[in-house]
Each structure stands twice: as structure tokens, then as C-alpha cells.
Amino acid sequence: MKNPNDSFLRGRLRSVKYAFKGLWILVTTEDSVKVQLCVALIATILGFVFNISNTEWMLQFLAIGLVLTAEAANTAIEAIADFIHPEYHKKIGLIKDIGAGIPTFAALISLVIAGFIYIPKILLLF
Ligand SMILES: Nc1ncnc2c1ncn2[C@@H]1O[C@H](COP(=O)(O)OP(=O)(O)OP(=O)(O)O)[C@@H](O)[C@H]1O
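Residues numbered from 1 in each chain as written. Predicted model: local features only at pLDDT ≥ 70, side-chain atom pairs only at ≥ 80, totals over all residues.

- In the annotation of an unreviewed UniProt entry, the entry for the protein chain reads Diacylglycerol kinase, and the organism field reads Polaribacter aquimarinus.
- The UniProt entry for the protein chain carries this comment under Sequence similarities (unreviewed entry): "Belongs to the bacterial diacylglycerol kinase family."
- Entered under Subcellular location (unreviewed entry) in the UniProt record, the comment concerning the protein chain runs "Cell membrane". (UniProt positions renumbered as here; feature names shortened; annotations may be inferred.)

### Let's talk about the UniProt feature "active site" (unreviewed entry) in the protein chain
No. 1: According to UniProt, the positions carrying the feature "active site" (unreviewed entry) are E71.
No. 2: Residue position: E71 is located in helix α3 (residues 54–84).
No. 3: Note on E71: 22 C-beta atoms within 10 Å, which makes it buried.
No. 4: Other than its neighbours up to four places away in sequence, E71 contacts S32, V33, Q36 and P103. (Helix = DSSP H or I, 4+ residues; strand = E, 2+ residues; numbered from the N terminus. Buried ≥ 20, exposed ≤ 12 C-beta atoms within 10 Å, placed from the backbone. Contact = placed C-beta atoms within 7 Å.)

### So, helix α2 (residues 31–49)
No. 1: Compared with the 27 Å implied by 1.5 Å per residue over 19 residues, the 27 Å span of α2 between its first and last C-alpha is a close match.
No. 2: Three or more residues of α2 are buried, namely V33, Q36 and A43. The buried residues of α2 occupy an angular sector of 75° when projected down its axis, which confines them to one face. Counted as exposed and oriented over 90 degrees from the buried face of α2: D31, V35, C38, L41, I42, I45, F48 and V49. (Expected span 1.5 Å × (residues − 1). Arc of directions from axis to C-beta.)

### Looking at the site of the ligand
No. 1: Close to the ligand lie S32, E78, Y88, H89, I92, G93, K96, D97 and A100.
No. 2: Here the shell around the ligand takes 5 residues from helix α4 (residues 90–123), the largest share from any one element. (Near = placed C-beta within 6 Å.)

### Considering the environment of K90
No. 1: Note on placement: K90 falls in helix α4.
No. 2: Residues K90 and R10, spaced 80 residues apart in sequence, show a C-alpha to C-alpha distance of 43 Å.

### Overview of the packing of α3 against α4
No. 1: Packing of α3 against α4 leaves a shortest axis separation of 9 Å and a crossing angle of 170°. Between α3 and α4, the interaxial angle falls into the category roughly antiparallel.
No. 2: Each residue belonging to the contact of α3 with α4 can be placed in one class, and the counts come to 19 nonpolar, 4 polar and 4 charged. (Axes fitted to C-alpha atoms, helices over the stretch in contact; angles between N-to-C directions. Parallel < 35°, antiparallel > 145°, perpendicular 65-115°, else oblique. Nonpolar A, V, L, I, M, F, W, Y, C, P; charged D, E, K, R; others polar.)

Pasting the structure below:
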């Protein structure tokens with residue numbers, strides 16, 4: 001929440017502090033984010049193994065960012081849903097299913113990008 005006594009700069013610095021707090025919560029408590037970070041690490045190792053180009057590195061990091069951002073958005077939606085209605089409700093189920101669709105979209109698009117980068121390189125090995 002905005003503090004009326006904050007200067008512009010102090011307000012921005014406070015927002016950055018809370019943003020990094022959110023990042024830390026995601027990385028340390030969310031299993032889905034931890035899994036995606038492991039996938040990102042494997043993709044980065046593969047990038048070195050297959051010596052991918054600068055453009056391919058950029059696309060790969062964009063895809064990693066897309067998936068992590070989508071996981072974060074889904075986590076926030078799940079937290080809001082659990083807070084406003086902890087008991088079973090059809091609508092909460094629908095909201096959570098739609099939320100889960102966000103990282104799924106991102107993951108499918110990232111798989112296509114990974115296919116474009118790595119399939120030609122893997123085929124060259126045979
Ligand atoms: N309160 C609820 N009311 C109705 N359906 C629910 C409710 N909570 C969860 N569900 C159903 O169960 C599914 C899984 O929900 P859950 O909150 O366990 O998320 P998850 O996908 O297992 O994520 P995570 O493992 O990151 O917590 C939802 O997509 C929804 O279909």
C-alpha cells in the first residue's frame with residue numbers, strides 16, 4: 001500500500017523491495033517454480049553443450065522467462081482463490097483451472113521454441 005509520506009524515489013525503492021520479496025517467496029516456496037527453474041538450468045546446460053547462437057540464447061531465455069512469469073501469475077491466482085473461498089466451489093475450480101492454463105500455454109510455446117533450436121542440432125548427430 002502507498003505511504004503518503006514517501007517521496008517518489010522512496011516509494012519506487014519500497015516497491016522494488018516488495019517485488020524481490022515476492023520473487024524470493026516464489027523461488028523458495030513454490031514447487032512448480034522450483035521445477036521450472038530446474039528445467040531452465042537443464043536448458044542452459046543444453047545451450048552450452050550444443051553451442052547455440054546468440055539469437056537462440058535470447059529466444060531460450062525469453063521462453064524461460066515466459067514460463068516462470070506464467071507460473072508466478074498462476075500462483076497468485078491460486079492464492080487469491082484460496083483466500084477468498086477456501087472451501088470447495090465450482091467457480092473456484094474453474095478459476096484455478098483457467099489459471100493453470102496460463103503456464104501450460106507458455107510451456108507449450110516454449111517446447112515449440114526448444115524444438116526449433118534443438119531438433120536440427122540433434123538430427124545432425126545421426
Ligand atoms: N476450492 C476448490 N474448489 C473447487 N475445485 C478446486 C478447489 N481447489 C482446487 N480445485 C481443483 O483442483 C485443481 C488443483 O488445485 P490446486 O489448488 O491443488 O492446484 P495445483 O494445480 O495442484 O497447484 P499447486 O501444486 O501449485 O498448488 C484445480 O485446478 C481445480 O480444478
